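As a plain string of letters, each chain reads:
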Amino acid sequence: MEKKIQFAPNVMLIDAYYLNKVVSDLRAHFSSVLNRDLPLADLALLLECIGLDAGMRGEENPIQVIFIYDAKLPKFTACMPADLEKELHSVAFKGKLGEFTLYSFQPSDMATREDLFIESLQLLGECKETKRIMAIPDEVAYAAKLNEHIKEMKGKEQITLFGMNPHDSKVSYDFQILGFAVLQALGIRPDEL
């Protein structure tokens, strides 16, 4: 009998390569703008900020975080903790929004990071238990393909995609700028901007 994947009511699906690129780019840019070295992003704080930006409230939310990564990036270079296999798989932490459980998955040899991300998003769309989806796809490589998949999803309270460039066309989901959460996780204070 095939084992069914258990998803939480709130799921963050994150392309680790894309997240690392955004954090690295913003860290480099704002280090020069602020004329100081910025620390690595606090990943736990970043996940909390993503949840808040997606409209989550309360203190007892079960939140599942799924990182999709490939051999190009087995470890974050701009976030701590960094090792996707050893530090960010089958672990949990308690935050202000609730308990975050983290999992990291690589595509098989026959699939790509894009394939695994889209397939995971489709599984989340079919899962009755998942009510809120927060997704960070690779905005450049494949995010434009996701609208058709998201249109098919029924029974979700909210679907939020995060990226750096708001979409011009009408889409079937909420969009949030990822950069705001990243700046917070890098320790940049509003008064510094």
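Coordinates for the structure precede this section.
Note that the coordinates shown come from a computational prediction; the quantities given were computed from them, not determined experimentally. Along each chain, residue indices are assigned from 1 in the same order as the chain's sequence is written. Two thresholds apply to this predicted model, a pLDDT of at least 70 for residue-level local features and 80 or more for giving and counting side-chain atom pairs, whereas whole-chain, interface and lining totals are computed over all residues. Excluded from the side-chain calculation are hydrogens and water; included are all heavy atoms of the structure.

Draft legend 1. View of the overall build of the protein chain. A helix here means a DSSP run of H or I that spans at least four residues, while a strand means a run of E at least two residues long, and both kinds are numbered starting from the N terminus. Assigned secondary structure in the protein chain consists of 5 helices and 9 strands. Element order for the protein chain, N to C, with α for helix and β for strand: β-α-β-α-β-β-β-β-α-β-α-β-β-α. Across its three principal axes, the protein chain shows a C-alpha extent of roughly 55 × 35 × 35 Å. Taking all 193 residues of the protein chain together, the buried fraction comes to 49%. Here, two residues are considered to be in contact whenever any of their heavy atoms come within 4.5 Å of each other. Considering only contacts within the protein chain whose residues lie at least 6 apart along the sequence, 72% involve residues at least 24 apart. Methods summary: accessible areas were calculated by the Shrake-Rupley approach with a probe of 1.4 Å, and residue burial reflects only the protein chains presented. Here the protein chain has roughly 10300 Å² of accessible surface; of this, 52% comes from carbon and sulfur atoms. Charged residues are defined narrowly, with Lys and Arg counted positive, Asp and Glu counted negative, and His plus the chain ends left uncounted. Charge positions come from single atoms, namely NZ of Lys, CZ of Arg, CG of Asp or CD of Glu. For the protein chain, the separation between the mean place of its 21 positive charges and that of its 29 negative charges on side chains is 3 Å. Each residue is assigned to one of three classes by its accessible area relative to the maximum for its type, calculated with a 1.4 Å probe on protein chains only: buried under 20%, partly exposed between the two thresholds, exposed over 50%.

Draft legend 2. Looking closely at the side chain of aspartate 138. Here aspartate 138 lies in the loop between strand 7 (132–136) and helix 4 (146–151). Identification of polar contacts relies on pairs of N or O atoms within 3.5 Å, with a donor-acceptor requirement for protein atoms, meaning one able to donate a hydrogen and the other able to accept it, and with residues adjacent in sequence counted only if both atoms are side-chain atoms. For aspartate 138, the side chain forms a polar contact with the side chain of arginine 113, separated by 3.0 Å. Excluding anything up to four places from it in sequence, aspartate 138 contacts Asp15, Tyr17, Tyr18, Arg113 and Ala143.

Draft legend 3. How the structure looks around the side chain of glutamate 48. Relative to the assigned elements, glutamate 48 resides in helix 2 (residues 43–53). Despite its burial, glutamate 48 pairs with no opposite charge; the closest candidate is lysine 96, at 6.7 Å N-O. Among residues more than four places away in sequence, those in contact with glutamate 48 are Gly95, Lys96, Leu97 and Phe100. The working definition used for a salt bridge is a side-chain nitrogen of Lys or Arg within 4 Å of a carboxyl oxygen of Asp or Glu.

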